Amino acid sequence: MSEQYVLSIFRGDQNGGEEQEYQVPAIPGMVVLDAVHYVQAHDAPDLGVRWNCKAAHCGSCSAEINGMPKLMCKTRLDEYQGQVVHIQPMRTFPIVKDLVADVSWNYEVAKKIATFTPVNAAPFRMQQWDVDRVQEFHHCIECFLCQDVCHVLRDHDAKDQYFGPRFMVKMAEFEMHPVDGADRIPQLKNEGGIGMCNVTKCCTEVCPQHIHITDNAIIPLKERVADRYYDPIRNLIRRLTKKEESSSSTVPSKA
Amino acid sequence: MAQASQPSMNRPIKPSGKLPYWVEPAFTIVAFGGFIIYSLWEVLFHNTGTYHNYVSPFFSPGVAGWFGFHVLTALYVVWVPFIFRFSCYYYRKEYYRAFSFHPFGCAVAEPKSHRNRSYKGEWKINNLHRYTWFLAVIVLIFLWKDVVEAFIFPNGFGVGIGSLILLINAILLTGYTFSCHAFRNMIGGRKDCFSCTAHGQSQKTTSYKLWHRISEANVFHGTWAWASLFSVWIADLYVRLLIMGVIHDVRLF
Ligand code: SF4
Ligand code: SF4
Ligand code: FES
């Protein structure tokens, strides 16, 4: 066997651990997950790794490869030729074992968000060009790499103050839907903590689905929050006309 | 959350094919820092930015002149582009990364000193970005007037290097101003349904088309931001050097 990759994989759990090195023979086109599977099959059958589709669709295999949050199944090893490849679990979430992180906090956040609330019963009639905007957000595979990289959650551990970029995408998906009637603006400002995001765009940089998280979800939502809460002139007009502001053009007043 | 058990941060040895993570913030520090020092020199030590038919963007419109002030004349205008850029969503990324290390780079651990200070999110004052946009548009109108004047020489229409520099500057500033995220919201971004107000007609409405065009330009907002920052810098420097007699304008025809 000719070329070898050197993998340095974190082994451990809540009680601690360290990286261990493994040699893996190079196969053209192999991805990091292939190499991890090789290690599991040959050297460490007890190596903990979560994966499912191996096609960048299920969002299970998130990890940190040489310090960068990435999908293991979408990261080619030849990107790291001549380097030791360090593989660690996502560090924003508690560790379960080896490369497996406990992402359940995200599911708790998801429960807090009002889901799609149509103003009238299906079937809905809408123009494709009107829904294109929210369809970008449907591409999310819930890999939580954006949550992992977001400094608000990662460095400040402010999970009680900010839902994180993935859930800004989710809220944008519902909030900008042509026939949705729920009002998520107060929640975005308060519990959702959209003001915690300082638009530094790391979420967008790591998103394997190339969702424009900041430009198309977070910033437009911040603008809607500003419309409602931080715009003195709109506020005055609202008071003078005694009109409740709605963020949806389809319903005059919302819950 | 339990973090103690996590391995220590190993920054990528070298994410292949990409620049090291510190390059972008380092560029920002140098470019921004340089521009701010240059602006201070311009504002504090010069009272005119006019050379024949050329006016530097730092001194336009000549607000100070309208009220008869003759000291720090640039100051009456430069605060507008300054607050517009300061509250710009793109520049927030650049300065929060480069100057306050929140974060310095993606997945780069923030400095230890941040641990003792609670992070409160971004400055709320930035929510007023929409107002600074209107002010910036007013200034932009004057810059276009200056462009027209830059093509009118004592002997009639002409083109000098200076005319072209001011023209390019105005184009880049227009691109920057109209690709703004706040403008994108005002122009239609706050609507969820464009066809609804058009009674469900299937043809794209004008307001949709406008929002869509602005959205396309918005993708390059950062590029517009840097390009126009440098064009303002170059335009001002060009006029300044003309005034100082260091260089001479070249008339193309
Ligand atoms: S842009 Fe906002 S949400 Fe995205 S990583 Fe940065 S702070 Fe977090
Ligand atoms: S928005 Fe992108 S990075 Fe975040 S969870 Fe969805 S696919 Fe992953
Ligand atoms: S295994 Fe499904 S996304 Fe990687």
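Note that the structure is a prediction, hence the values are computed from the model and not measured.

Q: Go over the overall build of chain B with me, naming the residues and quoting the values.
A: Summing up its helical and strand segments, chain B has 10 helices and 4 strands in all. Counted from the first residue to the last, chain B has its helices and strands arranged as α-β-β-α-α-α-α-β-β-α-α-α-α-α. If one aligns the C-alpha atoms of chain B with their principal axes, the spans along those axes are about 75 × 55 × 40 Å. Buried positions account for 48% of the 253 residues belonging to chain B. Relative to all contacts within chain B whose residues are 6 or more apart in sequence, the contacts with residues 24 or more apart total 74%.

Q: Break down helix H1 (residues 32-42) of chain A for me, citing the residues and quoting the values.
A: Considered for burial, the residues of H1 of chain A that qualify are Val32, Leu33, Ala35, Val36, His37 and Val39 of chain A. Each element contacted by the buried residues of H1 of chain A is listed here: strand E1 (4-13), strand E2 (16-25), strand E3 (62-65) and strand E5 (84-88) of chain A.

Q: Before we move on, could you go through the packing of helix H6 (residues 161-178) of chain B against helix H10 (residues 221-244) of chain B and cite the residues and values that matter?
A: All names here are of chain B. In contact at an axis separation of 8 Å, H6 and H10 are set at 150° when each is read in the N-to-C sense. Classified by the angle between their axes, H6 and H10 sit roughly antiparallel to one another. Seen from above, H6 lies across H10 with left-handed handedness. Contacts from Ile161, Gly162, Ile165, Leu166, Asn169, Ile171, Leu172, Leu173, Gly175 and Tyr176 in H6 reach His221, Trp224, Ala225, Ala227, Ser228, Ser231, Val232, Ile234, Ala235 and Tyr238 in H10. By residue class, the composition of the contact of H6 with H10 is 14 nonpolar, 6 polar and no charged.

Q: Tell me about the state of the cysteines, and name the residues and values.
A: Here, disulfide denotes a covalent bond that connects the sulfur atoms of two cysteines. One pass over the structure, following the stated rule, counts 2 disulfides over all chains. Here Cys202 of chain A pairs with Cys106 of chain B through a disulfide, and the sulfurs are 2.2 Å apart. One quick way to see it: the torsion about the S-S bond of Cys202 of chain A and Cys106 of chain B is about -90°, and its sign makes the bridge left-handed. Taken as a pair, Cys202 of chain A in helix H8 (residues 202-206) and Cys106 of chain B in the loop between helix H4 (89-98) and helix H5 (129-150) lie in two separate chains rather than in one.

Q: Go over the site of ligand 1, please, and point to the residues and values.
A: Residues and elements named next belong to chain A. Taken together, 14 residues are adjacent to ligand 1, and Cys150, Cys197, Thr200, Lys201 and Cys203 come closest. Secondary-structure elements contributing two or more residues to the shell around ligand 1 are helix H5 (151-154), H8 and helix H9 (213-229). By residue class, the composition of the shell around ligand 1 is 9 nonpolar, 4 polar and 1 charged.

Q: An account of the packing of aromatic side chains is needed here, citing residue identities and associated values.
A: Tallied over the full model, the rule gives 40 aromatic pairs over all chains. Consider the rings of Tyr54 of chain B and Phe153 of chain B, whose centres lie 6.2 Å apart with planes at 80°: the pair is edge-to-face. Highlighted residues: Tyr54 of chain B in strand E2 (residues 54-55) and Phe153 of chain B in strand E3 (residues 152-153), separated in sequence by 99 residues. Overall, the relative accessible area of 1% leaves Tyr54 of chain B in the buried class. Judged by relative accessible area, Phe153 of chain B falls into the buried class, the value being 10%. Here Arg166 of chain A stacks its cationic end above the ring of Phe167 of chain A, 5.6 Å away from the centre of that ring. The ring of Tyr89 of chain B has Arg92 of chain B lying over it, and the distance from NZ or CZ to the ring centre is 3.9 Å.

Q: Go over a nonpolar patch on the surface with me, naming the residues and quoting the values.
A: Residues and elements named next belong to chain B. A grouping of Trp79, Phe82, Ile83, Phe86, Trp123, Ile125, Leu128, Leu135 and Ile138 is seen on the molecular surface, where their side chains present a nonpolar patch of about 830 Å² in accessible area. Taken together, the elements giving at least two residues each to the nonpolar patch come down to helix H3 (75-86) and H5. At 4 residues, the largest contribution of residues to the nonpolar patch is made by H3. Position of Trp79 among the secondary structure elements: in helix H3. Of the residues examined, Trp79 reaches a relative accessible area of 43% and is grouped as partly exposed.

Q: Outline the site of ligand 2, supporting the account with residue identities and numerical values.
A: In the neighbourhood of ligand 2, the contacting residues comprise Cys140, Ile141, Glu142, Cys143, Phe144, Cys146, Arg166, Cys207, Pro208, Gln209, Ile211 and Ile213 of chain A. Tallied by class, residues from the shell around ligand 2 come to 9 nonpolar, 1 polar and 2 charged.

Q: Tell me about the interface of chain A and chain B, residues and numbers included.
A: With 68 residues of chain A in contact, the opposing surface of chain B contributes 58 residues. Between chain A and chain B lies a buried interface of about 5400 Å² when both sides are counted; carbon and sulfur atoms form 51% of it. By the criterion of area lost to chain B, the three top residues of chain A are Arg91, Trp129 and Glu223 of chain A, representing 14% of everything that side buries. For the interface between chain A and chain B, the tally reads 28 residue pairs in polar contact (both at pLDDT 80 or more). Broken down by element, the side of chain A that touches chain B gets its largest block of residues, 9 residues, from H9 of chain A.

Q: Tell me what's going on with the UniProt feature "transmembrane region" (unreviewed entry) in chain B, and back it up with residues and numbers.
A: All names here are of chain B. Per the UniProt entry, the sites bearing "transmembrane region" (unreviewed entry) are residues 21-41, 63-84, 128-144, 156-178 and 223-247 in this numbering. With 90% helix and 0% strand, residues 21-41 has end C-alpha atoms that lie 31 Å from one another. Helix makes up 94% of residues 128-144 and strand makes up 0%, while its end C-alpha atoms are separated by 25 Å.

Calculation rules
Residues numbered from 1 in each chain as written. Chains lettered and ligands numbered in written order. Predicted model: local features only at pLDDT ≥ 70, side-chain atom pairs only at ≥ 80, totals over all residues. Heavy atoms only, no water. Helix = DSSP H or I, 4+ residues; strand = E, 2+ residues; numbered from the N terminus. Buried < 20%, exposed > 50% of the residue type's maximum accessible area, 1.4 Å probe, protein only. Contact = heavy atoms within 4.5 Å. Axes fitted to C-alpha atoms, helices over the stretch in contact; angles between N-to-C directions. Parallel < 35°, antiparallel > 145°, perpendicular 65-115°, else oblique. Left-handed = near helix turned anticlockwise from the far one by under 90°. Nonpolar A, V, L, I, M, F, W, Y, C, P; charged D, E, K, R; others polar. Disulfide = S-S within 2.5 Å. Near = heavy atom within 4 Å. Phe/Tyr/Trp six-rings, centres within 6.5 Å; stacked < 30°, edge-to-face > 60°. Lys NZ or Arg CZ within 6 Å of the ring centre and 35° of its normal. Patch = residues over 30% accessible without salt bridge, like charges linked within 9 Å, V, L, I, M, F, W, Y side chains within 5 Å. Areas by Shrake-Rupley, 256 points an atom, 1.4 Å probe, with all protein chains shown as cover. Salt bridge = Lys/Arg side-chain N within 4 Å of Asp/Glu carboxyl O. Buried area = accessible area lost by both parts, 1.4 Å probe. Polar contact = N/O pair within 3.5 Å; in protein donor to acceptor, adjacent residues only side chain to side chain. UniProt positions renumbered as here; feature names shortened; annotations may be inferred.

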